[in-house]
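Descriptive analysis of the structure
Spelled out from the first residue to the last, the chains are:
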Amino acid sequence: MTVLSIELAYWQQTTLRVLGGAVAVLLPAGTLVYIYLFKLMSFVQSRLGPMEAGPAGSLQLVAEVGKAFQKEDIFPRKADRIVFAAAPFVVLMSTFLLVLVVPFGPDAWFVDLDTGVFFALAVSSVSVIGILMAGWASANKYSLLGGLRAAGQLIAYELPLVLAVMGVVIQAGTLNMQDIVLAQAEGEIFGWGGIGNPFILTQFLGFAIFLVAMQAELTQPPFDMPVAESELVSGYMTEYSGIRFLLFFIGEFATAGVFSMVAATLFLGGWWVPGIDPDSNLFNVIGPIVMFAKVMLVTLLIFWFRFTYPRFREDQLQRLAWKVLIPLSLLNIVITGVLKVAF
Amino acid sequence: MTASDTTAVSDAEKLRYISQQAADARVNVEIETEGMTLNIGPQHPATHGTLRIITKLDGEQVVAAEPVLGYMHRGYEKLAEVRTYPQVTTLVNRIDWVGSFANETPFILAAEKLMEVEAPPRAQYIRTVLHEMSRIANVILGIGDMGVQVGAVTPIFFAFRDREYVLNQIEAVTGGRFHPNFDRIGGLKDDLPAGWIQNTKNAMVKVREFCDQIEELMYGNEIFQARTRGIGIIPKDIGLAHGVSGVNIRGSGVDWDVRRDGLPSGLVYDQVDWKVWTHPDGDSYSRMWVRLQEVREGSKIVDQLLDNIPSGPIMAKVPRIIKVPPGEAYVETENPLGVMGYYVISKGDLHPYRVRIRSASFNNISIAPWLLKGVFVPDIITILGSLYFILGDIDR
Amino acid sequence: MSDVVETEDAVEVDEVREAQLEALGSELGDAIVETFVKPGDDIWVRVSREAWVEAATVLRHELGFGFFNFLSAIDWMPSPYGRDMDSQVDVTLEGAEPKEPEPMEWGYAGGATRFQMLARVNDVTTARGVTLKADLPDDDLSIRTWIPVYAGANWHEREASEMFGIDFVGHPNLRKLYLPGAFEGYPMRKDFALLSRRIKPWPGIVDVEPMPGDDDGDGNGDGNT
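Bear in mind the structure is a predicted one, so any value in this text is a computation, not a measurement.

Right, let's get into the overall build of chain B. Along its length, chain B carries 15 helices and 8 strands. At 22 Å, chain B has a C-alpha radius of gyration in line with the 21 Å of a compact globule built from 396 residues. Along the first, second and third principal axes, the C-alpha atoms of chain B reach 75 × 45 × 40 Å. Counting all 396 residues of chain B, 59% fall into the buried class. Long-range contacts, defined here as pairs at least 24 residues apart, represent 72% of the contacts in chain B between residues at least 6 apart.

Here you go:
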């Protein structure tokens with residue numbers, strides 16, 4: 001494989017991809033926590049947020065991680081130790097698997113799967129297993145309720161998520177993420193190709209449904225019933241402490257980042273910006289940065305909702321999924337299909 | 001009406017109750033799940049302290065809920081028997097600790113009633129102002145807390161921010177943010193500091209801004225409405241028979257406010273132009289809505305009282321060592337959480353012979369087992385949040 | 001001070017309250033033992049123990065007193081440990097040695113026994129209340145429960161039960177409300193020694209603060225130093 005015209009050996013490629021994967025997952029996660037969770041949230045709530053650690057509290061994250069590392073890793077006496085210990089890793093694993101298929105440039109990708117979208121949606125569901133494991137193994141009723149709620153919720157919102165993506169897939173005519181980016185870059189709006197055709201324009205309904213379903217998949221408010229600290233005392237995370245809690249925490253925000261990458265790829269043109277030839281080698285360098293900027297835009301929406309909205313009740317959430325989102329996304333598919341045939 | 005009507009008042013409510021019971025039975029028969037006992041509290045973020053509720057769940061539906069009290073019981077009724085009258089205010093400050101000045105008022109008024117002393121007009125005005133300000137401070141926090149209960153994180157920070165303006169003013173005049181211990185038999189401890197009136201008026205402007213903000217942020221939110229409307233309906237009669245008072249019963253359409261009806265002498269609410277808000281629905285939303293209007297109305301009351309505050313002494317002629325003549329008196333006032341009253345029996349000593357403290361939350365929360373039957377786990381939190389209790393006010 | 005209340009204070013005979021009392025009397029008849037009206041203030045009614053629930057039923061369903069205010073009890077026997085604070089003589093440093101209790105004196109509407117029920121209900125439409133009392137004989141501290149009439153009496157009765165040792169006949173769940181399950185004794189009874197006072201006797205009236213606008217320093221005989 002050639003990256004920036006440099007021939008790389010297999011081991012070099014592998015190392016690069018592992019490092020790149022870690023950066024692609026952890027960098028957005030850390031940035032999100034600092035900029036949005038610490039600072040934007042404080043701004044919304046008219047307070048300052050962390051100010052002591054580093055300039056404007058910028059090293060607060062380091063302090064938090066350090067604190068989590070120092071803490072004792074507590075196992076409840078009646079917990080199923082192996083399952084309890086493994087659960088956070090399963091959740092985090094789903095995030096790392098998800099980032100694999102996201103392209104960051106014409107040549108900067110981890111795996112170029114022809115069934116990229118399919119793979120992404122499939123592995124994103126793996127986190128449910130981790131959450132269920134955590135909920136069950138904690139031997140805590142709150143955790144159990146949280147885990148079950150999470151399972152019900154994630155299964156319900158998987159459908160609108162998949163169906164919302166269908167529109168994009170129909171329009172692009174491919175399941176390959178890279179080709180979806182290219183389809184947007186080379187697309188035309190009524191014969192004018194100045195800004196390509198980011199699918200957010202033609203698939204706005206799909207984008208909205210995708211965002212809502214994503215919010216639910218991420219268990220962010222207003223869909224945070226599995227966590228619900230005022231009812232279930234953090235649900236499936238109740239019994240976790242120290243490093244394992246940190247893993248869940250990273251998982252939460254890393255998944256937000258990675259899901260936003262998928263959303264950016266599918267609807268906002270991925271690594272591509274108008275005005276530059278998509279085959280240009282330049283994108284291997286600025287592609288990740290463009291992607292990062294788009295991720296921050298999408299996550300801004302996620303977190304804005306998070307800070308503003310109260311939480312749904314479980315039955316209201318299911319009603320929203322089955323009675324509103326799924327019919328709407330089916331409608332979206334029908335319209336997209338008809339228009340695809342017509343034009 | 002007969003005694004058998006205690007569980008339902010209208011046909012609609014009867015039907016609702018019956019269908020709820022039927023739904024319970026159906027769920028149990030159809031799925032035949034084994035129930036689960038979920039212990040909420042005493043350490044739980046939604047219990048404002050140490051309330052414990054043992055719930056029997058069927059899935060997420062509550063089959064039975066039983067509050068367990070006493071984790072904070074301090075025995076104030078007994079302790080008051082061995083303290084002098086002025087010392088009792090220190091105790092009762094800690095009953096409802098977010099609106100503490102309001103706890104002192106009814107006790108002092110009861111003692112004044114027994115002694116047939118009346119505070120000078122200026123003291124009465126300042127007393128009413130502080131009573132109303134502690135209501136504002138308390139209810140603002142309650143509204144913000146309701147946001148947290150239903151999952152919105154932001155309102156509580158707004159509440160803490162704007163409550164601070166009110167607390168600062170209370171501190172400026174009493175010296176205590178939380179436990180002013182400022183009321184005296186026959187008047188007040190001190191006069192107002194210079195510039196206080198204008199600063200308080202500015203704080204009241206902030207309070208009204210908070211109300212507008214929170215109305216848009218929280219009350220107008222569709223999810224908030226979906227979570228609170230139709231949840232935890234208290235019918236008038238059942239509420240009254242349980243002794244539910246204050247905002248919680250006005251949210252059920254009972255137009256009764258001790259500040260207007262049966263006002264004890266020593267407070268001057270009758271000198272002010274204000275309105276008692278009620279809401280006919282009786283659900284969680286209506287309780288929170290009335291609460292918000294009370295804050296608005298409270299800030300207007302404070303403004304008007306400050307405009308008309310008379311000059312003069314702040315202390316009536318009372319002996320230095322207070323011996324209260326024998327007799328019995330019950331004085332209740334409209335406190336932030338509901339009707340609070342003290343039944344004071346005196347035998348002519350330095351200390352009350354018996355004090356019965358009628359605290360609002362104790363009665364308000366006693367309806368919880370009835371209300372929580374058949375709701376879902378998230379609704380437990382909504383209902384408890386909308387009933388708005390302070391643990392010290394339950395356990396005394 | 002409002003004009004309304006002033007005129008009410010001036011009334012020598014409170015007609016409204018007298019009328020309410022009469023209505024209650026016509027319903028209950030002999031069950032009413034004694035009544036007391038403070039014009040412009042309140043009504044006290046002492047009913048017989050047997051008519052306790054009947055009185056509540058009449059008040060709620062016939063006279064419109066729908067609001068349950070509180071229910072408790074009074075122990076009229078003065079504490080055998082002295083008044084704890086009136087004089088230094090009362091202070092017993094050697095521990096809790098009960099003395100001969102002083103004779104009992106009752107409050108409004110009189111009394112005949114050591115324990116008396118105390119309850120209050122309100123009419124929210126007129127914002128007036130009635131204070132009810134009932135004597136409990138020493139050898140049978142029991143009374144029927146108010147729950148069928150005022151559901152809110154449930155917790156109040158549990159509290160009165162654990163604090164005074166009164167048995168509420170018909171109460172479905174007369175467990176302890178505040179106290180731990182194994183707690184012995186009835187704390188609100190006057191002969192229940194308040195341990196903190198025994199260990200550290202009351203220091204006297206040393207904390208009398210100067211009156212506002214009164215700067216002649218030490219007051220009269222308060223033990224101030």
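The rest of the description comes next.
Summing up its helical and strand segments, chain A has 12 helices and 2 strands in all. Listed N to C, the secondary structure of chain A is β-β-α-α-α-α-α-α-α-α-α-α-α-α in terms of helices and strands. By the compact-globule yardstick of 20 Å for 343 residues, chain A fits well, its C-alpha radius of gyration being 20 Å. Taken along its principal axes, the extent of the C-alpha atoms in chain A is 65 × 50 × 40 Å. Burial analysis of chain A (343 residues in total) assigns 48% to the buried set. Across chain A, the fraction of contacts at a sequence separation of at least 24, relative to all contacts at a separation of at least 6, is 79%.

Here the focus is the interface of chain A and chain B. Across the boundary between the two partners, chain A contributes 23 residues, which contact 26 residues of chain B. Elements with a contribution of two residues or more to the side of chain A that touches chain B: α6 (141-172), α11 (283-308) and α12 (314-342) of chain A. Taken together, the residues of the side of chain A that touches chain B sort by class into 10 nonpolar, 5 polar and 8 charged.

Turning our eyes to something else, we now look at the sheet that holds strand β5 (residues 128-136) of chain C. All names here are of chain C. Spatially, the 5 strands line up as an open sheet ordered β1-β2-β5-β4-β3, and their pairing is mixed. Only two strands of the sheet have a single neighbouring strand rather than two, namely β1 (32-38) and β3 (67-75). Each adjacent strand pair in this sheet contributes to an overall mean axis angle of 20°, direction not counted. Direction of pairing for β1 relative to strand β2 (residues 42-47): antiparallel, over a ladder of 6 bridges. Following the sheet pairing, valine 37 is matched in β2 by isoleucine 43. The strands touched by helix α2 (residues 15-28) are β1 and β2; relative to β1, the strand with the most contacts, the crossing angle is about 170°. The strands touched by helix α3 (residues 52-62) are β2, β4 (115-123) and β5; relative to β5, the strand with the most contacts, the crossing angle is about 170°.

Residue and element names in this part refer to chain B. Packing of helix α4 (residues 100-115) against helix α5 (residues 121-149) brings their axes to within 7 Å, and their N-to-C directions diverge by 135°. Considering the angle they form, α4 stands oblique to α5. Crossing angle aside, the handedness with which α4 passes α5 is left-handed. Between α4 and α5, the contacting residues are Ser100, Phe101, Ala102 and Thr105 on the first element and Arg127, Leu130, His131, Ser134 and Arg135 on the second. Across the contact of α4 with α5, the residue classes break down as 3 nonpolar, 4 polar and 2 charged.

This next bit is on the confidence of the model for chain A. Chain-level statistics for chain A give a pLDDT mean of 83 and a share of 98% at 70 or above. Per-element confidence in chain A ranges from a low mean pLDDT of 56 for strand β1 (residues 2-3) of chain A to a high of 88 for helix α9 (residues 204-217) of chain A.

Another aspect to go through is the sheet that holds strand β1 (residues 36-40) of chain B. As a general point, the strands of a sheet are linked pairwise by backbone hydrogen bonds and lie either parallel or antiparallel. Residues and elements named next belong to chain B. With antiparallel pairing, 3 strands are arranged side by side in an open sheet as β1-β2-β3. Single-partner strands in this sheet number two, and they are β1 and β3 (61-68). With direction set aside, neighbouring strand axes in the sheet form an average angle of 20°. For strand β2 (residues 52-58) and β3, the ladder comprises 7 bridges, and the chain directions are antiparallel. Opposite leucine 57, over in β3, you have valine 62 as the bridge partner.

Right, let's talk about the nonpolar core for a bit. Counting residues in hydrophobic clusters, the biggest one holds 267 residues, and the most contacted among them are Phe210 and Ala213 of chain A together with Ala110 and Ala111 of chain B. Each residue touching phenylalanine 210 of chain A, except ones within four places of it in the same chain, is listed here: Leu161, Ala164, Val165, Ala263 and Phe267 of chain A.

All names here are of chain B. Of all residues in chain B, 92% have pLDDT values of 70 or greater, and the mean over the chain is 83. Contacts from residues 1-8, a stretch scored under 50 in pLDDT, to residues over four places away or in other chains number 13 contacts. Predicted as a complex, the structure gets a pTM of 0.81 and an ipTM equal to 0.80.

This part covers helix α5 (residues 126-137) of chain A. Residue and element names in this part refer to chain A. Compared with the 16 Å implied by 1.5 Å per residue over 12 residues, the 17 Å span of α5 between its first and last C-alpha is a close match. Among the residues making up α5, those that are buried are Ser127, Val128, Gly130, Ile131, Leu132, Met133, Ala134, Gly135, Trp136 and Ala137. Buried residues along α5 sit in contact with α3 (81-100), α4 (116-124), α6 and α10 (242-267). Two residues or fewer after α5 comes alanine 139, characterised by a positive phi angle close to 55°.

Take the pairing of β4 of chain C next. Residue and element names in this part refer to chain C. Judged by how many residues are buried, β4 sits mostly within the fold: 9 of 9 residues are covered. Side chains of β4 alternate between two faces, with Phe115, Met117, Ala119, Val121 and Asp123 and Gln116, Leu118, Arg120 and Asn122 buried alike. Looking at chain direction, β3 and β4 are connected through 8 bridges and run antiparallel. When the bridges of β4 are listed, serine 72 appears paired with leucine 118. Between β4 and β5, which pair antiparallel and follow one another directly, the connecting turn spans 4 residues, one of which, alanine 127, has a positive phi of 60°.

Looking now at unusual backbone geometry. All names here are of chain A. Between proline 221 and proline 222 the backbone carries a cis peptide bond, its omega angle lying at 5°. Structurally, proline 222 is set in the loop between α9 and α10. Positive phi values are uncommon outside glycine, yet serine 46 reaches one of about 50°. Tracing the backbone shows serine 46 in the loop between α1 (10-44) and α2 (60-70).

Before going further, it helps to examine the environment of isoleucine 136 of chain B. Residue and element names in this part refer to chain B. Mapped onto the elements of the fold, isoleucine 136 is located in helix α5. Given 31 C-beta atoms within a 10 Å radius, isoleucine 136 is considered buried. For the pair isoleucine 136 and methionine 115, spaced 21 residues apart in sequence, the C-alpha separation works out to 30 Å.

With 29 residues, α12 of chain A should reach 42 Å at 1.5 Å per residue; the first-to-last C-alpha distance of 41 Å fits that figure. Along α12 of chain A, the helix axis deviates most sharply at leucine 325 of chain A, where the bend reaches about 30°; the proline proline 327 of chain A sits within four residues downstream. Within α12 of chain A the residues assigned to the buried category are Glu314, Leu317, Leu320, Ala321, Leu325, Ile326, Ser329, Asn332 and Thr336 of chain A. As for α12 of chain A, its buried residues are in contact with α6 and α9 of chain A together with α14 (377-387) of chain B.

Another aspect to go through is the packing of α1 of chain A against α3 of chain A. Residues and elements named next belong to chain A. Between α1 and α3, the shortest axis-to-axis distance is 10 Å and the interhelical angle comes to 115°. Taken together, the axes of α1 and α3 lie roughly perpendicular to each other. Of the two possible hands of crossing, α1 and α3 adopt the one that is right-handed. Mapping the contact onto sequence places Gly21, Ala24 and Val25 in α1 and Thr95, Phe96 and Val99 in α3. Residue composition of the contact of α1 with α3, by class: 4 nonpolar, 2 polar and no charged.

Below, the discussion takes up the environment of glutamate 215 of chain B. Residue and element names in this part refer to chain B. Examined against the element boundaries, glutamate 215 turns out to sit in helix α7 (residues 196-219). Classification of glutamate 215 as partly exposed rests on a count of 15 C-beta atoms within 10 Å. Beyond its immediate sequence surroundings of up to four residues, glutamate 215 is in contact with Gly220 and Leu292.

What follows concerns the environment of phenylalanine 75 of chain A. Residues and elements named next belong to chain A. Looking at the secondary structure, you find phenylalanine 75 in the loop between α2 and α3. Residue classification places phenylalanine 75 among the partly exposed positions, given that 18 C-beta atoms sit within 10 Å. When the C-alpha atoms of phenylalanine 75 and glutamate 239 are compared, they prove to be 7.6 Å apart, with 164 residues separating the residues in sequence. When residues no more than four places from it in sequence are discounted, the contact partners of phenylalanine 75 are Arg81 and Phe84.

Cut-offs used in this document
- Residues numbered from 1 in each chain as written.
- Chains lettered and ligands numbered in written order.
- Predicted model: local features only at pLDDT ≥ 70, side-chain atom pairs only at ≥ 80, totals over all residues.
- Helix = DSSP H or I, 4+ residues; strand = E, 2+ residues; numbered from the N terminus.
- Rg over C-alpha atoms; globule rule 2.2 N^0.38 Å.
- Buried ≥ 20, exposed ≤ 12 C-beta atoms within 10 Å, placed from the backbone.
- Contact = placed C-beta atoms within 7 Å.
- Nonpolar A, V, L, I, M, F, W, Y, C, P; charged D, E, K, R; others polar.
- Pairing = 2+ DSSP bridges.
- Axes fitted to C-alpha atoms, helices over the stretch in contact; angles between N-to-C directions.
- Parallel < 35°, antiparallel > 145°, perpendicular 65-115°, else oblique.
- Left-handed = near helix turned anticlockwise from the far one by under 90°.
- pLDDT = per-residue confidence, 0-100.
- Core = buried A, V, L, I, M, F, W, Y, C linked by C-beta atoms within 7 Å.
- Expected span 1.5 Å × (residues − 1).
- Bend = angle between axes of the 7 residues up to and from the residue.

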